[in-house]
Amino acid sequence: MGCFECCIKCLGGVPYASLVATILCFSGVALFCGCGHVALTGTVTILENHFSKVTSDNAMLTDIIQLMQYIIYGIASFFFLYGIILLAEGFYTTSAVKELHSEFKTTICGRCISGMFVFLTYILGVAWLGVFGFSAVPVFLFYNMWSTCAAMKSPMANFTNIDSICVDARQYGIIPWNATPGKACGSTLGDICNTNEFYLSYHLYIVACAGAGATVIALLIYMMATTYNFAVLKFKSREDCCTKF
């Protein structure tokens, strides 16, 4: 066997679906965790400076955001390891399916591990659908504030009293109802939209939401690849049993 044939044979054993899913998963999780962490910090700054100037009013929110940032660290670490494991499992199952080595035989333990990854990937896929939906919430809130500011600055706007236009953060449950001042109106609201914290946090939340969506797509690809490989491995194991004498 020449070098070219050997390279073609090796390339045939590469799990391209798992490889693409791993790259997409790493990219999506990195965007979600990195941008989400910075955006949460910016959100705390905006709330403390403009909506809840009394520290005791937003103490619980600050603790929740800090907890979410620690959870982000855990998510990043877990998916880094899980992506590598799924990629390795993809190499294992692809080699078994394509029979690159004549002496390669699947075992019951190997099939059980593949089945476990199929089940776990399905669970994570459903969970990340929830994460994707949750990550869209701050995008919606920041978009409402930004669109209100844009409407006030529009030359087509015709407001009799611009100070009557407000954004109340209390109605979203972000801060308690006794928070002071709790809302921003008129020119004050326009100034908030022009701050670096608002601009950066808004766009980072959008990127984090896109990262969560990319992770969902990656998990869907993992689901299809692991389910197909597990089904073929199970079929091959039955075939081996039937051909034994």
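Quantities reported herein were computed from a predicted structural model and do not represent experimental measurements.

Calculation notes
- What you see as residue numbers is a count from 1 along each chain, following the sequence as written.
- At least 70 in pLDDT is required for a residue's local features to be given in this predicted model, at least 80 for side-chain atom pairs to be given and counted, and no such filter applies to totals for whole chains, interfaces and linings, which use all residues.
- With hydrogens and water stripped out, all remaining heavy atoms of the structure feed into the side-chain values.
- A helix here means a DSSP run of H or I that spans at least four residues, while a strand means a run of E at least two residues long, and both kinds are numbered starting from the N terminus.
- A simple rule labels every residue: compare its accessible area, found with a 1.4 Å probe on the protein chains alone, to the largest value its type can have, and call it buried under 20%, exposed over 50%, or partly exposed in between.
- Every residue pair with non-hydrogen atoms within 4.5 Å of one another is taken to be in contact.
- All accessibility values rest on the Shrake-Rupley procedure with a 1.4 Å probe; residue burial counts only the protein chains present in the view.
- By nonpolar core we mean a set of buried residues, namely Ala, Val, Leu, Ile, Met, Phe, Trp, Tyr and Cys, connected to one another through side-chain atoms within 4.5 Å.
- UniProt positions are given in the numbering used here, feature names are shortened, and annotations may be inferred rather than shown by experiment.
- In this scheme Phe, Tyr and Trp rings, the latter by its six-membered ring, pair at centre separations within 6.5 Å, and the angle between planes marks the pair as stacked below 30 degrees, edge-to-face above 60, and tilted otherwise.
- By convention in these notes, a salt bridge is any Lys or Arg side-chain nitrogen within 4 Å of a carboxyl oxygen on Asp or Glu.
- The reported arc concerns the directions from the helix axis to the C-beta atoms and nothing else.
- The definition used for a disulfide is geometric: two cysteine sulfur atoms within 2.5 Å.

1. Observations concerning the overall build of the protein
Line of reasoning, step 1. Counting its regular elements, the protein contains six helices and two strands.
Line of reasoning, step 2. Counting from the amino terminus, the protein carries its helices and strands in the arrangement α-α-α-α-β-β-α-α.
Line of reasoning, step 3. Buried positions account for 40% of the 245 residues belonging to the protein.
Line of reasoning, step 4. Sequence-distant contacts, at least 24 apart, represent 80% of the contacts inside the protein between residues at least 6 apart.
Line of reasoning, step 5. When the accessible surface of the protein is totalled, it reaches about 14,000 Å², and 71% of it is carbon and sulfur.

2. Topic: the nonpolar core
Line of reasoning, step 1. The biggest cluster of nonpolar side chains holds 46 residues, and the ones touching the most others in it are Phe51, Phe79, Trp128, Met145, Ile175 and Leu189.
Line of reasoning, step 2. Examining the composition of this core, we find that twelve residues originate from one element, helix α2 (residues 16–51), more than from any other.
Line of reasoning, step 3. The residues contacting Trp128, other than those within four sequence positions of it, are Val29, Phe32, Ile75, Phe79, Ala212, Thr215, Val216 and Leu219.

3. A few points about the UniProt feature "transmembrane region" (unreviewed entry) in the protein
Line of reasoning, step 1. The UniProt feature table records "transmembrane region" (unreviewed entry) at residues 19–47, 67–92, 113–146 and 204–228.
Line of reasoning, step 2. In residues 19–47, helix accounts for 100% and strand for 0%; the two terminal C-alpha atoms are 41 Å from one another.

4. Notes on the environment of Ile206
Line of reasoning, step 1. Counting through the fold element by element, Ile206 comes out in helix α6 (residues 196–243).
Line of reasoning, step 2. It is 9.7 Å that separates the C-alpha atoms of Ile206 and Phe142, two residues lying 64 residues apart in sequence.

5. Let's talk about the packing of aromatic side chains
Line of reasoning, step 1. Evaluation of the coordinates by the stated rule reveals 13 aromatic pairs.
Line of reasoning, step 2. Where Phe78 meets Tyr82, the ring centres are 5.5 Å apart and the plane angle is 10°; that geometry is what we call stacked. Here Phe78 and its partner Tyr82 are both found in helix α3 (residues 59–98), four residues apart, which amounts to about one turn of the helix.
Line of reasoning, step 3. On the basis of relative accessibility, which here comes to 37%, the residue Phe78 falls in the partly exposed class.
Line of reasoning, step 4. With a relative accessible area of 4%, Tyr82 lands in the buried category.
Line of reasoning, step 5. Taken together, the ring pairs connect Phe32, Phe78, Phe79, Tyr82, Phe117 and Trp128 into an aromatic cluster.

6. Looking at the pattern of salt bridges
When their charged atoms lie close together, side chains carrying opposite charge are able to pair.
Line of reasoning, step 1. Per the stated rule, a full pass over the model turns up one salt bridge.
Line of reasoning, step 2. Asp168 is the salt-bridge partner of Arg170, the closest N and O atoms lying 3.0 Å from each other.
Line of reasoning, step 3. Look at Arg170 and you get buried, because its relative accessible area is 15%.
Line of reasoning, step 4. Accessibility expressed as a relative area gives 15% for Asp168, which makes it buried.

7. Digging into helix α5 (residues 186–193)
Every α-helical turn comprises 3.6 residues, leaving residues that sit three or four positions apart pointing alike.
Line of reasoning, step 1. All of the buried residues along α5 are Gly186, Leu189, Gly190, Ile192 and Cys193. Looking down the long axis of α5, one finds its buried residues gathered within 155° of arc, a one-sided arrangement. Facing away from the buried side of α5 by over 90 degrees, the exposed positions are Ser187 and Asp191.

8. Some words on the state of the cysteines
Line of reasoning, step 1. The final tally for this structure, using the stated rule, is two disulfides.
Line of reasoning, step 2. Sulfur-sulfur distance for the disulfide between Cys166 and Cys185 comes to 1.9 Å. Note on the Cys166 and Cys185 pair: the S-S dihedral is about 105°, so by sign convention the disulfide is right-handed. Separated by 19 residues along the polypeptide, Cys166 in strand β1 (residues 166–168) and Cys185 in strand β2 (residues 183–185) bring together distant segments of the chain.
Line of reasoning, step 3. Residue classification places Cys166 among the partly exposed residues on the basis of a relative accessible area of 31%.
Line of reasoning, step 4. Numbered by position along the chain, the disulfide-linked cysteines of the protein connect as 1-4, 2-3.

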